[in-house]
Amino acid sequence: MLAMTTAPASGAPTATPSRIHHVLLATNVDKASAGATEEAIELATENHAVLQILAVARNHRERVRLERGTAGIRERARAAGVTATAFVWHGDPAESILEAAWSERPDLLVLGARPHRDLRRLLGSVSARVAAAAPCRVMIVPA
């Protein structure tokens, strides 16, 4: 799987990149984030890291779907031996993901990117915004 990893945003504290203790997965529980989900669970398993699963809802109906989906991801991670928690926030996806990254301080933030036909937009707007401002390493896994 081809994934892109970025360094923390300028001014963010840096940690030794060799060991991952805490992974934050940002997901919208759809096909575009399936690869990122698998990658996050695999990394957490291999590194004996804690996995936090975040989804961001824009409305109540979406929140219900995301709560079910993140609970399923959490159970898959736990079945693989990973200590995992899941939570759903409400708001703008990029802003919420960045707020979670700043408050939770993961070693690595994993998220997916939707495919775009326009070659100038290889990364989705959420992925690009998060990668530019996150306080930690970011792994973007294309759909």
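Quick note: structure is the one above.
One numbering rule holds for all chains: residues counted from 1, following each sequence as written. Owing to the predicted nature of the model, reporting of local features is limited to residues with pLDDT of at least 70; listing and counting of side-chain atom pairs is limited to 80 or more, with chain, interface and lining totals taken over all residues. Neither water nor hydrogens contribute to the side-chain values; these are computed over all heavy atoms in the structure.

S.K.: So what's going on with the packing of helix α1 (residues 31-47) against helix α2 (residues 60-79)? Residues and values would help.
M.R.: One can describe the packing of α1 onto α2 by two numbers: an axis separation of 10 Å at closest approach and a directional angle of 35 degrees. Along this stretch, α1 crosses α2, giving a crossing that reads as right-handed. Along the contact surface, α1 presents Thr37, Glu38 and Ile41, while α2 presents Ile73, Arg76 and Ala77. Here an angle of 0 to 180 degrees is reported between the N-to-C directions of two axes, which are lines fitted to C-alpha atoms, with helices fitted over the stretch in contact. Counting from the N terminus, the helices are the DSSP runs of H or I reaching at least four residues and the strands are the DSSP runs of E reaching at least two. Here a crossing is called left-handed whenever its near helix is offset anticlockwise from the far helix by less than a right angle, and right-handed whenever the offset is clockwise. The contact criterion used is simple: two residues touch if any of their non-hydrogen atoms lie within 4.5 Å.

S.K.: Could you give an account of α1, with specific residues and numbers?
M.R.: By definition here, a helix of n residues has an expected span of 1.5 Å times n minus one. In this model, α1 (17 residues) spans 25 Å end to end at C-alpha, consistent with the 24 Å of a helix rising 1.5 Å per residue. Along α1, the residues that are buried comprise Ala32, Ser33, Gly35, Ala36, Thr37, Glu39, Ala40, Ile41, Leu43, Ala44 and Asn47. Residues of α1 that are buried in the fold lie against β2 (22-26), β3 (50-57), α2, β5 (108-113) and β6 (137-142). For α1, the side-chain oxygen to backbone nitrogen distance between the N-cap and Ala32 is 3.1 Å, and the N-cap itself is Asp30. Immediately beyond the C-terminal end of α1, within one or two residues, lies His48, with a positive phi of roughly 50 degrees. The classification of residues rests on relative accessible area computed with a 1.4 Å probe and restricted to protein chains. Under 20% of the type maximum is buried, over 50% is exposed, and intermediate values are partly exposed. Two N or O atoms form a polar contact when they lie within 3.5 Å of each other; inside protein one atom must be a possible hydrogen donor and the other a possible acceptor, and for residues adjacent in sequence the pair counts only when both atoms belong to side chains.

S.K.: Describe the side chain of Gln52, naming the residues involved and giving the relevant values.
M.R.: Considering the arrangement of structural elements, one finds Gln52 in strand β3. A distance of 3.1 Å separates a polar atom in the side chain of Gln52 from a polar atom in the side chain of Glu104. Excluding residues within four positions of it along the chain, Gln52 makes contact with His22, Val23, Leu24, Leu25, Thr85, Phe87 and Glu104.

S.K.: Explain the packing of helix α3 (residues 93-104) against helix α4 (residues 125-133) residue by residue, including any values.
M.R.: The interhelical angle for the contact between α3 and α4, taken along N-to-C directions, is 30 degrees, at an axis separation of 9 Å. Judged on the interaxial angle alone, α4 and α3 are roughly parallel. Where α3 crosses over α4, the two elements pack in a sense that is right-handed. Contact residues: Pro93, Ala94, Glu95, Ile97, Leu98 and Trp102 in α3; Val126, Arg129, Val130 and Ala133 in α4. The residue makeup of the contact of α3 with α4, split by class, is eight nonpolar, no polar and two charged. Should an angle fall under 35 degrees it is called roughly parallel, over 145 degrees roughly antiparallel, and 65 to 115 degrees roughly perpendicular, with every other angle called oblique. Ten residues, namely Ala, Val, Leu, Ile, Met, Phe, Trp, Tyr, Cys and Pro, are considered nonpolar, four, namely Asp, Glu, Lys and Arg, are considered charged, and the remaining ones, Gly among them, are considered polar.

S.K.: Could you give an account of unusual backbone geometry, naming the residues involved and the relevant values?
M.R.: Of note, Val29 is a non-glycine position whose phi angle comes to about 55 degrees, a positive value. Its place among the elements puts Val29 in the loop between β2 and α1. A positive phi angle, close to 50 degrees, is found at His48, a residue other than glycine. Examined against the element boundaries, His48 turns out to sit in the loop between α1 and β3.

S.K.: Provide a residue-level description of the pattern of salt bridges, including the pertinent values.
M.R.: By definition here, a salt bridge exists when the distance from a side-chain nitrogen of Lys or Arg to a carboxyl oxygen of Asp or Glu is within 4 Å. All told, the structure shown has seven salt bridges when counted by the stated rule. Here Arg65 and Glu62 are joined by a salt bridge, their closest N and O atoms 3.9 Å apart. In this pair, Arg65 and Glu62 are both assigned in helix α2, three residues apart and thus about one turn of the helix distant. Judged by relative accessible area, which is 38%, Arg65 ranks as partly exposed. The partly exposed category is assigned to Glu62, whose relative accessible area is 23%. The shortest N-O distance in the salt bridge between Arg129 and Asp92 comes to 3.2 Å. Placement of the pair is Arg129 in helix α4 and Asp92 in the loop between β4 (84-90) and α3, with a sequence separation of 37 residues. Residue Arg129 is classed as partly exposed on the basis of its relative accessible area of 39%. Taken together, the shared-partner salt bridges connect Arg74, Glu75 and Arg78 into one network.

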